[in-house]
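Listed below are the residues making up each chain.
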Amino acid sequence: MALFWCTEALPLAVTALFPVLLFPLMNIMDSTTVCREYLKDTNMLFIGGLLMAIAIENWHLHKRVALRVLLITGVRPALLLMGFMIVTAFLSMWISNTATTAMMVPIAQAVLEQLHKSEMESSTASQASENINKAFELQEKSTKPDSSKETEEEGDSHVLTVEEDRTRNENLREEKHKKFCKGMSLCICYSASIGGIATLTGTTPNLVLQGQVDELFPNNGNIINFASWFSFAFPTMIMLLVLAWIWLQILYLGFNFQKNFGCAANASAKAKAKQAYDIIKEESKKLGSMKFAEIAVLILFILLVLLWFTRDPGFIPGWATVLFNKNDTSYVTDATVAIFISILLFIIPSGISNNDRDKHQTGSKSKIRAPPALLDWKVVHQKMPWNIVLLLGGGFALAKGSEESGLSSWLGSKLTPLQHIPHPAIALLLCLLIATFTECTSNVATTTLFLPILASMAEAICLNPLYVMLPCTLSASLAFMLPVATPPNAIVFSYGQLKVIDMAKAGFVLNILGVLTITLSINTWASSLFQLQTFPSWANKTGTCP
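My aim in this report is to walk through the structure given alongside it, one point at a time.

### Comments concerning the packing of helix H5 (residues 41-58) against helix H14 (residues 292-311)
Moving on, step 1. Their axes nearest at 10 Å, the elements H5 and H14 cross at an angle of 150 degrees. Between H5 and H14, the interaxial angle falls into the category roughly antiparallel. Both H5 and H14 take part in a crossing whose hand is left-handed. On the side of H5, the interface is formed by Leu45, Met52, Ala55 and Ile56, while H14 contributes Val297, Leu300, Phe301, Leu304 and Trp308.

### Overview of the pattern of salt bridges
Moving on, step 1. Using the criterion set out here, one finds 7 salt bridges in the structure.
Moving on, step 2. Lys40 serves as the salt-bridge partner of Glu215, at 3.1 Å between the closest nitrogen and oxygen. Of this pair, Glu215 sits in helix H10 (residues 204-216) while Lys40 sits in the loop between helix H4 (31-36) and H5; the two residues are 175 residues apart in sequence, bridging distant segments of the chain.
Moving on, step 3. Classification of Glu215 as buried rests on a relative accessible area of 7%.
Moving on, step 4. Using a relative accessible area of 27% as the deciding quantity, one classes Lys40 as partly exposed.
Moving on, step 5. The partner of Asp334 in a salt bridge is Arg311, with the nearest N and O atoms 2.8 Å apart. With Asp334 in helix H16 (residues 334-347) and Arg311 in helix H14, this residue pair connects regions lying 23 residues apart in the sequence.
Moving on, step 6. Judged by relative accessible area, Asp334 falls into the buried class, the value being 3%.
Moving on, step 7. We classify Arg311 as buried; its relative accessible area is 2%.
Moving on, step 8. The network of salt bridges with common partners includes Glu37, Lys40, Glu215 and Lys400.

### What to know about helix H20 (residues 423-437)
Moving on, step 1. With 15 residues, H20 should reach 21 Å at 1.5 Å per residue; the first-to-last C-alpha distance of 21 Å fits that figure.
Moving on, step 2. Residues of H20 that are buried include every one of Ile426, Ala427, Leu430, Cys431, Ile434 and Ala435, and no others. Relative to the axis of H20, the buried residues are bounded by an arc of 155 degrees and lie together on one face. Turned more than 90 degrees off the buried face of H20, the exposed positions are Leu429 and Thr436.
Moving on, step 3. The inward-facing, buried residues of H20 abut helix H21 (443-460), helix H22 (465-475) and helix H24 (500-523).

### Considerations on the packing of aromatic side chains
Moving on, step 1. Summed over all chains, the structure comprises 13 aromatic pairs.
Moving on, step 2. Between Phe437 and Phe450, the ring centres sit 5.2 Å apart and the planes meet at 80 degrees, which makes this aromatic pair edge-to-face. With Phe437 in helix H20 and Phe450 in helix H21, this residue pair connects regions lying 13 residues apart in the sequence.
Moving on, step 3. On the basis of relative accessible area, Phe437 is assigned to the partly exposed category, the value being 27%.
Moving on, step 4. The exposure class assigned to Phe450 is buried, which follows from its relative accessible area of 18%.
Moving on, step 5. Connected via pairs of aromatic rings, a cluster forms that spans Phe90, Trp94, Phe226, Phe301 and Trp308.

### Examining H16
Moving on, step 1. If you check H16, its first and last C-alpha atoms are 21 Å apart, about what 14 residues at 1.5 Å a residue would give, namely 20 Å.
Moving on, step 2. What H16 keeps buried is the set Asp334, Ala335, Val337, Ala338, Ile341, Ser342 and Leu345. Projected down its long axis, H16 carries its buried residues within an arc of 160 degrees, all on one side.
Moving on, step 3. Contacts from the buried residues of H16 go to H5, H10, helix H11 (226-252), H14 and helix H15 (319-323).

### Topic: the environment of Leu51
Moving on, step 1. Mapping Leu51 onto the fold places it in helix H5.
Moving on, step 2. Along the chain, Leu51 and Lys383 lie 332 residues apart, while their C-alpha atoms are 9.2 Å from each other.
Moving on, step 3. For Leu51, the contacting residues outside a window of four places in its chain are Ser342, Leu345, Phe346, Leu375, Val380 and Met384.

### Quick notes on unusual backbone geometry
Moving on, step 1. One non-glycine residue, Cys462, lies in positive phi territory at about 55 degrees.
Moving on, step 2. Cys462 sits in the partly exposed class, given a relative accessible area of 30%.
Moving on, step 3. In this structure, Gln531 is a non-glycine residue whose phi angle is positive, near 55 degrees.
Moving on, step 4. One can find Gln531 in the segment after helix H25 (525-529).

### Structural notes on the side chain of Thr447
Moving on, step 1. As for its position among the elements, Thr447 is in helix H21.
Moving on, step 2. Its relative accessible area of 2% is what places Thr447 among the buried residues.
Moving on, step 3. A polar side-chain atom of Thr447 sits 2.9 Å from the main-chain carbonyl oxygen of Val444.
Moving on, step 4. Not counting chain neighbours up to four residues away, the residues in contact with Thr447 comprise Pro205, Val208, Pro452, Thr473 and Ala476.

Parameters at a glance
Each chain carries its own residue numbering, running from 1 in the direction its sequence is written. Thresholds applied to this predicted model are a pLDDT of at least 70 for local features of residues and 80 or more for the giving and counting of side-chain atom pairs; totals over whole chains, interfaces and linings are not thresholded and use all residues. By convention in this description, side-chain values take in all heavy atoms of the structure and omit both hydrogens and water. Note on method: axes are straight lines fitted to C-alpha atoms, helices fitted across the in-contact stretch only, with angles between N-to-C directions ranging 0 to 180 degrees. By the criteria applied, helices consist of DSSP H or I runs no shorter than four residues and strands consist of E runs no shorter than two, each listed in order from the N terminus. Roughly parallel covers angles under 35 degrees, roughly antiparallel covers those over 145, roughly perpendicular covers 65 to 115, and oblique covers all other angles. Crossing handedness is defined as follows: a turn of the near helix away from the far one that is anticlockwise and smaller than a right angle gives a left-handed crossing, while the clockwise case is right-handed. In what follows, residue pairs with any heavy atoms lying within 4.5 Å of each other are defined as contacts. We define a salt bridge as a side-chain nitrogen of Lys or Arg found within 4 Å of a carboxyl oxygen belonging to Asp or Glu. Buried, partly exposed and exposed residues are distinguished by accessible area as a fraction of the type maximum, computed with a 1.4 Å probe on protein chains only: under 20%, between the cut-offs, and over 50%, respectively. Under the convention used throughout, the expected extent of a helix is 1.5 Å for every residue step, that is, one less than its residue count. Arc, as used here, means the arc of the directions from the helix axis to the C-beta atoms. Between rings of Phe, Tyr and Trp, where Trp is taken as its six-membered ring, a pair exists when centres lie within 6.5 Å; planes separated by under 30 degrees are stacked, by over 60 edge-to-face, and by other angles tilted. Any N or O atom pair separated by 3.5 Å or less is treated as a polar contact, with the protein-specific requirement of one donor-capable and one acceptor-capable atom, and with residues adjacent in sequence counted only for side-chain atom pairs.

So this is what it looks like as structure tokens:
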């Protein structure tokens, strides 16, 4: 399965179905038990989160948020870069990284084109005025009869100089514009990948981790939930986003921070910025005022996030603990909340105005047509990536099969020599391994393959399994170097402004920064948040660890 997932000889979802065929034939697990692994609580959380994302996309709420933030940040180079990164990262926390990138790149292109057009116009105008001044000077000289020959020579040399200057300036402007375009393209695809790590539903590897922890350690007390994950991953995401912003700024805008922030801008530069700002303003105006459907989706989204955070925050009893828990058993999970909000999306109408009620007279009776719901199944069917649901299930089935057959224990025992290496060094080495591996394979396949092995290794050396599983899950999202590494990279690469070497050069440094940031987070705030310095009782299945 690992070979098929890495080479994608078969579609990922088809490979994920192998356990249904092979495990019963090999007498590892019976068919009923294997099939039960394919639709678990984590899959339902994934479906619920995606239904909310589809509703947001369907009513263009994400575009409104994006344009509003860009209006706040402005269009000065460094701030424009930061504005696009903040918007992309925020949106990819809640909707798919691919959809976020696909929506943000055209907006970025429009702004960049306007900036370039304004720059060309202002430079042409300044060049024309300079030529007029020179022409006046030459005219004055030509009135003197003695210097007619000198004037002709000066005039010819001046024409050549002006031509050379203009060509050189145009080349410099083109080069500068190309570099800024590259920086902007990379900032969007990188921040889409970085933003996804912040929430449990932001990217699929996070859900794979939650599913694997619940699968391998059933008595873990729901340690990975929306609130605990956010507390750990959100600060990591902020740090990585700031580092990416600084690195891309240095690489594509240069070290002139005063110029990058527009502190020493002249009148023509301010005029160019205003024109680009007007483009964003015009796009925002086109959306008009918020419709009832957008307001309803926004309220449901805020409600979903609030319910996720307050279900079991950890430091105080959550609403689920107080209302629904019985005998220390959690009946309500994050998936329950996601499905509840998703069902509301299919019930609440998309409009309440009288225009939506068309009364058709049929004899003495009037027929009232109700407005459609906020979400309908046709849209869901078009946009839902059902293959990922099967891929998640295949990963859980593979983990269960590895446990039942004893493969996980055997692999874990072979990795016991690692106990002589300091724990931070183990985490760092594994992060580098996963970050390298995820450049060539799907990040979901990477986490699905590695997490059960890492859990067995941690058990064998009496190390808290989360100490290696958490950083490796985040490292699977550090796919920055190649266009094929992740869909956001492929989208920006398809616009033709980037070469593979551009992405590799920027991505290599960002990969190193990412691994170092994750290693720092796992040894500081995550350590106290998840009690990573102690070996938990729920992981001590064999009873050999103290």
